[in-house]
Amino acid sequence: MTDLDPRLTAALNADNPPARDALFRVKVLERFEQARFRRQVARTIAVSIVLGLVAGLNAPLIEGWFVAAGEHVRITAFAAAAIMCVVPALLIKSSPGTVVRGLGRWLYP
Amino acid sequence: MTDDDDVALVTAIRNGSELAFNRLVDRHQQAVRTFLRKLLGNDADADDMAQETFLTAWTHARSFRGDASVRGWLCGIAWRKAKGAQRSWAQQRSRDTKYQWGQSPDNAAAAPMEDRLAVRRALQALPLDQRAAVTLCLVCGFSHSEAAGILGAPLGTVKSHVLRGRERLLKEIAGNG
C-alpha cells in the first residue's frame, strides 16, 4: 500500500455509472420487447407456412371431399380456415402447450 | 441485498417473472456497466453490450448453477461477449476513445482529471485479460478467486495480472507527480 493507492482507487472509480439508472433499465426493457416481438413474428410465420404447406399438399384430397360430400366438407373447410387464422394469433399470446390445452377444452368441454 | 435474494430473483426469472428481471437489472447494472466500460474503453459500446448481457441472462437463466454469485455470473456473460466482440471494437477503439477522453463524466470530481486520463490510457494499454482482471478486482470488488471463475483463468494467472496491472497503473499516476 503506497500513498498513490488512494489516487489510483479514486481515478479508477471516477467515471463509474450511477447505482440507479432508470434510463438504462428502460433501454434494456425496450430491447427485451423487441427481441420478444421478433420471436413471436418468426413463430407466427413458421406456423402459417407449415399450415399452408399441409393444406397445399392435401389440396387434391380436399378437392375430392368437396366433390364427394358437398355441403358437409364446405363447413369443415370453413372451420379449418378459421382455425388456421386463429391458431397463429393465439400463438402470439400463448405458448403452444396452452393453445393445445385451450383447443382441447374448447372441442371437448 | 444478499446473495440469497439474487438467487431468488434468478429462480423467478427462470419462471418467466419480468418484475424479477427488472430488479436484477436495477441491482447489477452498475457492476456490469463498470466492468464493460473499463474493458472496452468506450461508454456507449459498453452500455450496449451491458444491455445484451442482461438479455442473455434472461434467455439463459437456466445456465446459472449457483456456484458463483449472480453478479459474477453476469460479469462472466459480459466477459464472454466482450471477448467475442474484441476484433470489431478494437478497430474502432482508437478513434472513439479520443472522443471519450474529451468528455467529462458526471462523477468525475472525486479524482483529478490528469489521474483519470492517465489511468484510463494505461488501462486501455493493458492486454485484454489483464485489463479484465484489474477491473474485476480493483474496481468491481471481486476476490481473486471470484475473478478467476468469471474469466475462466487459473487463480495464479489472475493474481499475476492484477499485480502487474496495478503496478503499471501506479507508475502512470506517479508520472503525473
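Residues numbered from 1 in each chain as written. Chains lettered and ligands numbered in written order. Predicted model: local features only at pLDDT ≥ 70, side-chain atom pairs only at ≥ 80, totals over all residues. Heavy atoms only, no water.

A look at the overall build of chain B
Within chain B one finds nine helices and zero strands. Along chain B, helices and strands appear, N-terminal first, in the series α-α-α-α-α-α-α-α-α. Put simply, chain B has 177 residues, and 49% of those count as buried. Within chain B, residue pairs in contact and separated by at least 24 positions form 65% of the contacts whose partners lie at least 6 positions apart. (Helix = DSSP H or I, 4+ residues; strand = E, 2+ residues; numbered from the N terminus. Buried < 20%, exposed > 50% of the residue type's maximum accessible area, 1.4 Å probe, protein only. Contact = heavy atoms within 4.5 Å.)

A closer look at the packing of helix α1 (residues 3-14) of chain B against helix α2 (residues 18-40) of chain B
All names here are of chain B. Packing of α1 against α2 leaves a shortest axis separation of 8 Å and a crossing angle of 140 degrees. In terms of their interaxial angle, α1 and α2 are classed as oblique. When you trace α1 past α2, the crossing you get is left-handed. Counted together, Asp5, Asp6, Leu9, Val10, Ala12 and Ile13 of α1 and Ala20, Phe21, Arg23, Leu24, Arg27 and His28 of α2 form the full contact between these two elements. Each residue belonging to the contact of α1 with α2 can be placed in one class, and the counts come to seven nonpolar, one polar and four charged. (Axes fitted to C-alpha atoms, helices over the stretch in contact; angles between N-to-C directions. Parallel < 35°, antiparallel > 145°, perpendicular 65-115°, else oblique. Left-handed = near helix turned anticlockwise from the far one by under 90°. Nonpolar A, V, L, I, M, F, W, Y, C, P; charged D, E, K, R; others polar.)

Description of the interface of chain B and chain A
One frequent convention defines the size of an interface as the accessible area lost when the parts assemble. Taken residue by residue, the interface counts 39 residues in chain B and 28 residues in chain A. Both sides together, the interface formed by chain B and chain A hides about 3,200 Å², and carbon and sulfur atoms give 56% of it. Across the chain B-chain A interface, the total number found is ten salt bridges. A salt bridge links Arg36(A) to Glu18(B), with the nearest nitrogen and oxygen atoms 2.7 Å apart. For the pair chain B and chain A, the number of links is 16 residue pairs in polar contact (both at pLDDT 80 or more). Among the secondary structure elements, those contributing two or more residues to the side of chain B that touches chain A are α2, α3 (43-59), α6 (113-125), α7 (128-139) and α9 (155-175) of chain B. Counting residues per element, the side of chain B that touches chain A draws most heavily on α2(B), at eleven residues. For the side of chain B that touches chain A, the per-class residue count stands at 18 nonpolar, nine polar and twelve charged. (Buried area = accessible area lost by both parts, 1.4 Å probe. Salt bridge = Lys/Arg side-chain N within 4 Å of Asp/Glu carboxyl O. Polar contact = N/O pair within 3.5 Å; in protein donor to acceptor, adjacent residues only side chain to side chain.)

Comments concerning the packing of aromatic side chains
Scanning the model with the defined rule gives five aromatic pairs over all chains in all. Of the aromatic side chains, those joined through ring pairs into one cluster are Phe32(A), Phe21(B) and Trp58(B). (Phe/Tyr/Trp six-rings, centres within 6.5 Å; stacked < 30°, edge-to-face > 60°.)

So, α1(B)
Residue and element names in this part refer to chain B. Here α1 contains twelve residues, and its C-alpha end-to-end distance of 17 Å stays within 8% of the 16 Å for a straight helix at 1.5 Å per residue. Taken together, the buried positions of α1 are occupied by Asp6, Leu9, Val10 and Ile13. Along the axis of α1, the buried positions cluster into a sector of 95 degrees, meaning they face one direction only. The elements touched by buried residues of α1 are α2, α3 and α4 (70-84). Looking one or two residues beyond α1, the residue adopting positive phi is Gly16, at roughly 90 degrees. (Expected span 1.5 Å × (residues − 1). Arc of directions from axis to C-beta.)

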